[in-house]
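This is what each chain is made of:
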Amino acid sequence: MRLAADLPHLVEGGQLRQEMPLLSIQQLQGHRQLCLAHAALGFITMGYAWQGAGRQMSLPRALAVPFCAISELLGMPPILVYADCVLANWKKREPLGCVENLDVLFSFPGGESNKGFFLVSLLVELAAASGIKAIPTIFNAMLHHDLSTLQTALQDVAASLRKMRDVFTLVHKVAMWLFLPSCFGSSWKDNPLMPEGLVYEGVWDHPRQYAGGSAAQSSTIQCFDMLLGIHHDPVDEEYLICMRDYMPAAHRAFIQAVASGPSLRQFVLAAGDTDLTAAFNKCVSSLVALRSYHIEVVVKYITIPAGQYQEEQKGTGGTGFIQFLKAIRDNTQKAHLAD
Ligand code: HEM
């Protein structure tokens, strides 16, 4: 925890390559401590791998052994993921503080910019919570053919999606960066700088490849896609499904459960109820609005500055991302039901 909390300073001073003891994970108790340890080791690993100009092709035992053991327990890969940077990476500045009083536990050099990205994403996640909580209610209401409860729950989902978009606007208060923090998006998958991947010493004999962090690893929007029966072009869908491997295991299982449950779309179509159809369509249009706003943010803070600096326009996950994001938004739009 001390190393992870001091990361920006250690990386800047080139001091993250000194010896560190091999710590046992035996004393970690419960899910929360495991998540915190995954985040701390994820940050240290990124700092270690990308510190200075030289790339490290292998991760020493002291990091690799506990990181892989914890990752296996959590069902997550041994690389820094969105859940580490956002869901596990916050504290209240004061014990009784409100959400505006949040701070991160860990960050990279260039602190304020990645801190802002992590905290705004956290608030967007929080806004999604009421919509996610409505999902079991929706399935129960379908089971009992309770149209009125179903309509109210769909209104909760739409309200939650609207709130996610509203909270997203906070990004303009914190967006002092030009590109996403490089350490967060760095990967050792399909990366010419580390063509073989990274060796996890003391764990596997051969190098492993893992993708870098991206908000596409958020489970929130995929939950809503599955709920509303929204499908994307095969290559895009393959990428989104691949991102599920980088989510907490319980999130992955929840998305899968929503996807394999009874079809909400078919239910609403079969019910032929005008108000219910309108409530369903409101969810779709709120998700379209959220995705459109997300595109605006990406254009403003990544595409335009990247163009100005004549950088290669690639996503944090290595995709031609504006085209990808627009296709996904347009397929969302197509999910509207006829009135
Ligand atoms: C705050 C600034 C943000 C920026 C600059 C940003 C940037 C990007 C980029 C470049 C992609 C393309 C794919 C990739 O690189 O992996 C992407 C995809 C995605 N982002 Fe963000 N993102 C931001 C915030 C968020 C937040 C807060 C969420 C949701 C909680 C989110 C959810 C997603 C999702 C779900 C995708 C996959 C495409 C989709 O399903 O629409 N992003 N983002």
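These numbers were taken from a predicted model, which means no experiment stands behind them.

Conventions adopted
Sequence positions are assigned chain by chain, starting from 1 and proceeding in written order. The predicted nature of this model means local features are confined to residues of pLDDT at least 70 and side-chain atom pairs, given and counted, to a pLDDT of 80 or more, with totals for whole chains, interfaces and linings taken over all residues. Where side-chain values are given, they derive from all heavy atoms of the structure, hydrogens and water being excluded. Numbering of helices and strands runs from the N terminus, with a helix taken as a DSSP run of H or I at least four residues long and a strand as a DSSP run of E at least two residues long. Multiplying 1.5 Å by the helix residue count minus one yields the expected span of that helix. Burial classification: accessible surface area is computed with a 1.4 Å probe over protein chains only, and a residue below 20% of its type maximum counts as buried, one above 50% as exposed, and the rest as partly exposed. Residue contacts are counted whenever heavy atoms from the two residues lie within 4.5 Å of one another. Metal donors: N, O and S atoms at distances within 2.8 Å, or within 3.2 Å for Na, K and Ca, with water omitted from the atom set so that some sites may seem incomplete. UniProt positions are given in the numbering used here, feature names are shortened, and annotations may be inferred rather than shown by experiment. Within 6.5 Å between ring centres, the rings of Phe, Tyr and Trp (the latter by its six-membered ring) count as paired, and their orientation is classed by plane angle as stacked under 30 degrees, edge-to-face over 60, tilted in between. For a ring to carry a charge above it, either NZ of a lysine or CZ of an arginine must fall within 6 Å of the ring centroid while also lying within 35 degrees of the normal to the ring plane.

A few points about helix H4 (residues 61-74)
Piece 1. Its 14 residues place the ends of H4 19 Å apart at the C-alpha level, agreeing with the 20 Å of an ideal helix rising 1.5 Å per residue.
Piece 2. Those residues of H4 that sit buried are Ala-62, Leu-63, Ala-64, Pro-66, Phe-67, Cys-68, Ile-70, Ser-71 and Leu-74.
Piece 3. Here the buried face of H4 lies against helix H3 (30-50), strand E1 (58-59), strand E4 (199-200) and helix H12 (249-260).
Piece 4. Directly beyond the C-terminal end of H4, a positive phi value near 70° is found at Gly-75.

Considering the coordination of the iron atom of the ligand
Piece 1. The sole protein-derived ligand of the iron atom of the ligand is His-294 (NE2), positioned 2.1 Å away.
Piece 2. Assignment of secondary structure puts His-294 in helix H14 (residues 274-308).

So, the UniProt feature "binding site: heme b" (unreviewed entry) in the protein
Piece 1. UniProt's entry tags His-294 with the feature "binding site: heme b" (unreviewed entry), counted in the numbering of this structure.
Piece 2. Contact partners of His-294, with chain neighbours within four places excluded, come to Phe-168 and Leu-325.

Some details on H3
Piece 1. Here H3 contains 21 residues, and its C-alpha end-to-end distance of 31 Å stays within 8% of the 30 Å for a straight helix at 1.5 Å per residue.
Piece 2. By the criterion of burial, H3 is predominantly enclosed, with 16 of the 21 residues buried.

Remarks on the side chain of Arg-329
Piece 1. Its place among the elements puts Arg-329 in helix H15 (residues 321-333).
Piece 2. With a relative accessible area of 18%, Arg-329 lands in the buried category.
Piece 3. Those residues in contact with Arg-329 that lie beyond four places of it in its chain are Val-288, Arg-291, Ser-292 and Ile-295.

Digging into the packing of aromatic side chains
Aromatic rings considered in pairs are described by the distance between their centres and by the relative angle of their planes.
Piece 1. Counting across every chain of the model gives eight aromatic pairs.
Piece 2. A ring pair is formed by Phe-117 and Phe-118, whose centres lie 5.7 Å apart and whose planes are at 55°; its orientation type is tilted.
Piece 3. With relative accessibility at 12%, the residue Phe-117 sits in the buried group.
Piece 4. Relative to Trp-204, the ring of Tyr-200 has its centre 5.4 Å away and its plane inclined at 80°; by these criteria the two rings are edge-to-face.
Piece 5. Residue classification places Tyr-200 among the buried positions, given a relative accessible area of 0%.
Piece 6. Three or more aromatic residues joined by ring pairs form one cluster here, namely Phe-43, Phe-106, Phe-108, Phe-117 and Phe-118.
Piece 7. One Lys or Arg, Arg-165, reaches over the ring of Tyr-293 and ends 4.4 Å from the middle of that ring.

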